[in-house]
Amino acid sequence: MDKLSSLSRFKASCPFLGRTKTSTLRNLCTSTSSRFPSISLLTERATNCPVMGPALSVRSKEIVAGYASLAGNTDIEQIHRDKGVTIPSGANIEMCPHASAARAAARMADDLAAVSKEKDTSVAKAAASAGCPFHKAALENAAKAAPVVTPVRRPVATTSGFDYESFYNNELEKKHKDKSYRYFNNINRLANKFPVAHTAKVEDEVQVWCSNDYLGMGNNPVVLETMHRTLDRYGHGAGGTRNIAGNGALHLGLERELATLHRKDAALVFSSCYVANDATLSTLGSKLPGCIMFSDQSNHASMIQGMRHSGAKKVIFKHNDLDDLENKLKAYPKETPKIIAFESVYSMCGSIGPISEICNLAKKYGALTFLDEVHAVGLYGPRGAGVAEHLDYEAQMAAGDSADPIPGSVMDRVDIITGTLGKAYGAVGGYVAGSDDFIDMIRSYAPGFIFTTSLPPATVAGAQASVAYQKTFPGDRQLKQVNVREAKRRFAALDIPVVPGPSHILPILVGDAALAKAASDKLLYDHSIYVQAINYPTVAVGEERLRVTVTPRHTAEQLDKLVSAVDNVFTELNINRIQDWKAVGGRATVGVLGQDDVVEPIWTKDQLGEETGTTPKTLKDGQKPLVDAKGVLVARSRFDHLLGPISGPLQSTHCYTFNVVRSTAATITELPQF
C-alpha cells in the first residue's frame, strides 16, 4: 500500500501527498505505527482520508475474506491430499505461506478497524477547514456512499526548460536538513476565553503562551464595541489607497492619536510595522545624499530590509555596544548624513537599548535616531508610549495627554519612532512618528505607503480605541509586569534557563533546533499548552528557544500548569538547565561566568504600585478581567463626531465577562458590571 513509486503518481490529485516532501513520505512509508504495528505510519494517516480510509477498510476485508473462505473450508485436508501437500510433525502457522499471510491480513484488518474507530467526523471537519477538497466533499455527502475520485494528474511539461519544481523542493529540503523549516500550528484564539484557543479541532482547546497580543486588547469590550459600530456605519474595506478613496476621518484620527502618544508633530499609519520600517528606512536612505546607516546587529528583519532597499551604506555595530557604535560613527565626517537604527525592546532576548546614550552619540556625530518601539508601545511608560517615555516616567505622567513635547526628555530627543498596532494594542498595522516635514516626505515618496490599500475603517477605529484606552489606564501593563516577574521567579527556582533581561520578554533557552521543536510539540500535544519554538534565522544556531509571553489575563492556575509542564518536558527531553549551561561556559547570556542570572526589571516597585499598595493582583480561575470605566469613556469619546455619543452598558459584551472598575480620578456615569 505504501510503495513510494506508486505514491508519486498521485501527488497532483492528493493535497496531502502534494504538499508533503518525498523524504517525509519515505519516512512515513518505512516507519511502523507505534500503536498499530501491522501498518505503517503512512497507512495510519491514510485512514483519516475520506478517499483512502474507506478504500483501505474495504480492501483489508477483501483480503481477509479471500483467505478465510479457503482456510475455513471443511475439505481442507482433502485439498492437501489432492495437491500432494504433506504436513510435517511440529509444523506451525509460520511454515504455511497461506496461513501466515491470512493471519497477517487479519491483524492488518484488526488494526485498521481499531484506528478507524478512533476517528470521527471532527477529523474531516478539521481537514476541510484546512482546505482539503476531499474532506469537504465527504462532509457534504456523509449520508451517501463514498465518492469515487478519479486522480487528475498535472500535465508534464514537454519543454526542456528549468526544473522549477525540483528547485522548490531542493530549497525546502535545505530548511528541513538544518532544522529551520517553519511549522505553522492551527491556533484559533477565542474572544470570550482569552488566552485560550482551539486547534484544528474546535473542541480541542489549548492555553496560548506566545501571543503578541500582550495585553489582551484584541477582545477588550470597548474596542469590539467601537469596531461593531464602525462596521455598521462604514462597512468592511477602505475602498482604495490613501491617495485614492481610502483616506478617511478614522485614518486621520488614528494618526493624530499616535502623534499625541509620542508627543510628535505627526504620524503616518502603514499596513504593518514591517512595512513602516522598510518603507521609511528605504526612502530616507535613498533620498539623503551619501547617507550611512548604523544598525544594531540584533535589529529586526524589517529594518535590515529597509536599509538594504535604500542602497545606502550600512555599518553594523555590536548589540547595545556604545563604544563600538562611537568608534564607527567617528570614522565619518559630522556633515555626512547618518541614521542610527535600533530598538527599545529586542523581542528574542529581552534586552533594552540604551536610548538616551545613543541620542547623546547622535548629537555628537550629527546623526538621526530611528527607534523601533514595536515590542514596547502599550507596555511601558505611564501612557504606554514605550521605553523612551518610561525613562522619564514621572515627568511624562505629569504632562498627561498633552501633545506638546517635554524638552530634553528622552522621547523628545529621538527623531523618528516606529511602532505597531498589532501587539499590545491587539489590532493590525504599523506607524511612524516624527516631525511634520519628515512625515510629509515619507507620505510623498514611500512606495510602501503610496501603492497599497489602506486599512479597513473598523480596524483603524478599533486600534484608536485601544490606544486611547491604554493611554488612560496603566493597570493592564502593570499586571503584565507582575505576572512576568512571578513567572521568571518560578522558572529560576526550577533551574529552567530563562535568558536574563529587564523587559517582559521571557525566552527559555533550549539550544538545539530539533529539541526546541520537540519541546513545543510535547507542550502542545501532551499538556495543551501552545508555546512556539524559535529557531534560526530568527535566533542564532545553538540559541534556539521557547519564547513565552505572559499576559495580564493569564491566571495563577494557568501559570502553575505552564511551569509544571515546562519542567516535565525539560526532564523528559533531557534539555539543559542553568547548571548544565554553566558547566559548559554558558550560552546566549545564560550561565555565563561573571554575569547575573537575573537582571533588574525596568519597571520599578514604585511604578507598579507596591509602595502605595495599589499593585494589581494576578487573576484566579473564574475571576473576571477588569475594564477601566474612565478608559471606556475616553475611548468612546474619540468617536462622538463620527459614530455619535454613546453611554451606558458596553454593547459588545453579550458573550464576555468583565468587571468594569472606576479610576480614582474619573467622573463617570453609572456603568453596570459585566
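Residues numbered from 1 in each chain as written. Predicted model: local features only at pLDDT ≥ 70, side-chain atom pairs only at ≥ 80, totals over all residues. Heavy atoms only, no water.

Q: Explain the overall build of the protein chain to me, using residue names and the numbers behind them.
A: For the protein chain, the count of helices and strands is 28 helices and 16 strands. Split by element, the accessible area of the protein chain, about 32300 Å² in all, is 54% carbon and sulfur. (Helix = DSSP H or I, 4+ residues; strand = E, 2+ residues; numbered from the N terminus. Areas by Shrake-Rupley, 256 points an atom, 1.4 Å probe, with all protein chains shown as cover.)

Q: How would you summarise the pattern of salt bridges if you had to cite specific residues and measurements?
A: Per the counting criterion, the structure on display carries 22 salt bridges. Taking the shortest distance from any N to any O, the salt bridge between Asp567 and Arg577 comes out at 2.7 Å. Of the two residues, Asp567 is situated in helix H25 (residues 556-572) and Arg577 in the loop between H25 and helix H26 (578-583); the sequence distance between them amounts to 10 residues. One exposure class covers both Asp567 and Arg577, and it is buried. Through salt bridges with shared partners, a single ionic network connects Glu257, Arg383, Glu389, Asp401, Lys471 and Arg638. (Salt bridge = Lys/Arg side-chain N within 4 Å of Asp/Glu carboxyl O. Buried < 20%, exposed > 50% of the residue type's maximum accessible area, 1.4 Å probe, protein only.)

Q: Any details on the sheet that holds strand S13 (residues 533-534)? Residues and values, ideally.
A: As a general point, the strands of a sheet are linked pairwise by backbone hydrogen bonds and lie either parallel or antiparallel. Ordered by their spatial adjacency, 3 strands build an open sheet running S11-S14-S13, and the pairing between neighbours is antiparallel. Only two strands of the sheet have a single partner each, and these edge strands are strand S11 (506-509) and S13. Relative to strand S14 (residues 545-548), S11 runs antiparallel, the two being bridged by 4 bridges. Its bridge partner lying in S14, Ile508 is registered against Leu546. (Pairing = 2+ DSSP bridges.)

Q: Would you mind going over a negative patch on the surface in detail, with residue names and values included?
A: A cluster of acidic side chains, namely Glu394, Asp606, Glu610 and Glu611, defines a negative patch on the protein surface. As for its position among the elements, Asp606 is in the loop between H26 and strand S15 (626-628). Overall, the relative accessible area of 45% leaves Asp606 in the partly exposed class. (Patch = residues over 30% accessible without salt bridge, like charges linked within 9 Å, V, L, I, M, F, W, Y side chains within 5 Å. Lys, Arg positive; Asp, Glu negative; His and termini not counted. Charge placed at Lys NZ, Arg CZ, Asp CG, Glu CD.)

Q: Describe in detail the nonpolar core, supporting the description with residues and values.
A: Ranked by size, the top nonpolar core spans 67 residues in total, and within it Leu258, Ile340 and Ile355 carry the most contacts. Look past the residues within four positions of Ile355 in its chain and what remains in contact with it is Phe342, Ser344, Leu371, Val387, Ala388, Leu391, Val410 and Val414. Counting residues in each nonpolar core, the second largest holds 26 residues, with Phe491, Ile508, Ala519 and Val563 among its members. (Core = buried A, V, L, I, M, F, W, Y, C linked by side-chain atoms within 4.5 Å. Contact = heavy atoms within 4.5 Å.)

Q: Lay out the side chain of His251 in plain terms, naming residues and giving numbers.
A: With respect to the helices and strands, His251 occurs in helix H12 (residues 249-261). Under the relative-accessibility criterion, His251 is labelled buried at 7%.

Q: Hey, could you go over helix H23 (residues 475-493) for me, with residue numbers and the actual values?
A: Helix length check: H23, at 19 residues, gives a terminal C-alpha distance of 27 Å against a target of 27 Å (1.5 Å per residue), a fit within 8%. Of the residues one or two after H23, Asp495 is the one with positive phi, at around 65°. (Expected span 1.5 Å × (residues − 1).)

Without other data, these values stay purely geometric and don't point to any function.
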